[in-house]
Amino acid sequence: MNLRMEQLERRLVAQHHKDLFLQTTHTLAAINDLADEHRRFQSMQAISGVKIIGSEEAVFYDTLTQIKETIIATLEKTIDDLEHKGDKHYKSNFKEGVE
């Protein structure tokens, strides 16, 4: 995922849209913070004697991974639309445009 983000950053800098990269980076960091907060809460629960259900934890972390993947895929589509702006033979990913 880090390699993809580095490649996307280079593409966005070339398009003068580093703000999109920063917004995506901040969103992914917020998701990571949420996962860290959840992990700490679950640790406190376990210390208190609350039984942690492993399958539910796995679903939680899988869902967060899917969300991050979707955010990155959306950024890739946005960059594709930016790079093909003005190309009448290109089918845009977003009908409303990207700017």
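Scroll up for the structure.
Fair warning: this is a prediction, and the values are worked out from it, not measured in the lab.

Criteria and thresholds
Residues numbered from 1 in each chain as written. Predicted model: local features only at pLDDT ≥ 70, side-chain atom pairs only at ≥ 80, totals over all residues. Heavy atoms only, no water. Helix = DSSP H or I, 4+ residues; strand = E, 2+ residues; numbered from the N terminus. Buried < 20%, exposed > 50% of the residue type's maximum accessible area, 1.4 Å probe, protein only. Contact = heavy atoms within 4.5 Å. Phe/Tyr/Trp six-rings, centres within 6.5 Å; stacked < 30°, edge-to-face > 60°. Expected span 1.5 Å × (residues − 1). Arc of directions from axis to C-beta. Core = buried A, V, L, I, M, F, W, Y, C linked by side-chain atoms within 4.5 Å. Salt bridge = Lys/Arg side-chain N within 4 Å of Asp/Glu carboxyl O.

**Q** Looking at this structure, I do not really get the side chain of histidine 17. What am I missing?
**A** Mapped onto the elements of the fold, histidine 17 is located in the loop between α1 (2–14) and α2 (18–48). Overall, the relative accessible area of 15% leaves histidine 17 in the buried class. Not counting chain neighbours up to four residues away, the residues in contact with histidine 17 comprise Leu12, Leu82 and Glu99.

**Q** When you look at the packing of aromatic side chains in this model, what are you seeing that I'm missing?
**A** By convention here, two paired aromatic rings are described through the distance between centres and the angle between planes. Tallying each qualifying case throughout the model produces one aromatic pair. Aromatic pair phenylalanine 60 and tyrosine 61: ring centres 5.2 Å apart, planes at 80 degrees, arrangement edge-to-face. Given a relative accessible area of 23%, phenylalanine 60 falls into the partly exposed group.

**Q** Looking at this model, I keep getting lost on α1. Mind explaining?
**A** Along an α-helix, residues three or four positions apart point the same way, because every turn accommodates 3.6 residues. With 13 residues, α1 extends 19 Å between its outermost C-alpha atoms, agreeing within 8% with the 18 Å of an ideal straight helix rising 1.5 Å per residue. Within the span of α1, buried status applies to Met5, Leu8 and Leu12. Down the axis of α1, the sector holding all buried residues measures 60 degrees, keeping them to one side. Within α1, the exposed residues directed more than 90 degrees away from the buried face are Leu3, Arg10 and Ala14. On its buried side, α1 packs onto α2 and α3 (54–83). Immediately downstream of α1, the backbone of histidine 16 shows phi near 60 degrees, a positive value.

**Q** Sorry, what's going on with the nonpolar core here?
**A** By size, the foremost hydrophobic cluster in this structure holds nine residues: Met5, Leu8, Leu12, Phe21, Leu28, Ile72, Leu75, Ile79 and Leu82. Residue assignment for this core shows that the elements contributing at least two residues are α1, α2 and α3. Here leucine 82 is in contact with Leu12, Gln15, His17, Leu20, Val98 and Glu99, once residues within four sequence places are set aside.

**Q** Is there a simple way to explain the pattern of salt bridges in this structure?
**A** As a working rule, side chains carrying opposite charge can pair if their charged atoms are close by. For the coordinates displayed, the defined rule picks out seven salt bridges. Here glutamate 83 and arginine 11 are joined by a salt bridge, their closest N and O atoms 2.8 Å apart. Taken together, the residues glutamate 83 in helix α3 and arginine 11 in helix α1 connect sequence positions 72 residues apart. Taking the relative accessible area as the measure of exposure, glutamate 83 reaches 35% and is therefore partly exposed. Put simply, aspartate 36 and arginine 39 hold a salt bridge, and the shortest N to O gap is 2.4 Å. With aspartate 36 and arginine 39 both in helix α2 and three residues apart, this pair spans about one turn of that helix. Looking at arginine 39, the relative accessible area reads 45%, which means it is partly exposed. When salt bridges with common partners are traced through the structure, they connect Arg4, Glu69 and Glu76 into a single cluster.

The values are spatial; any link to function lies outside them.
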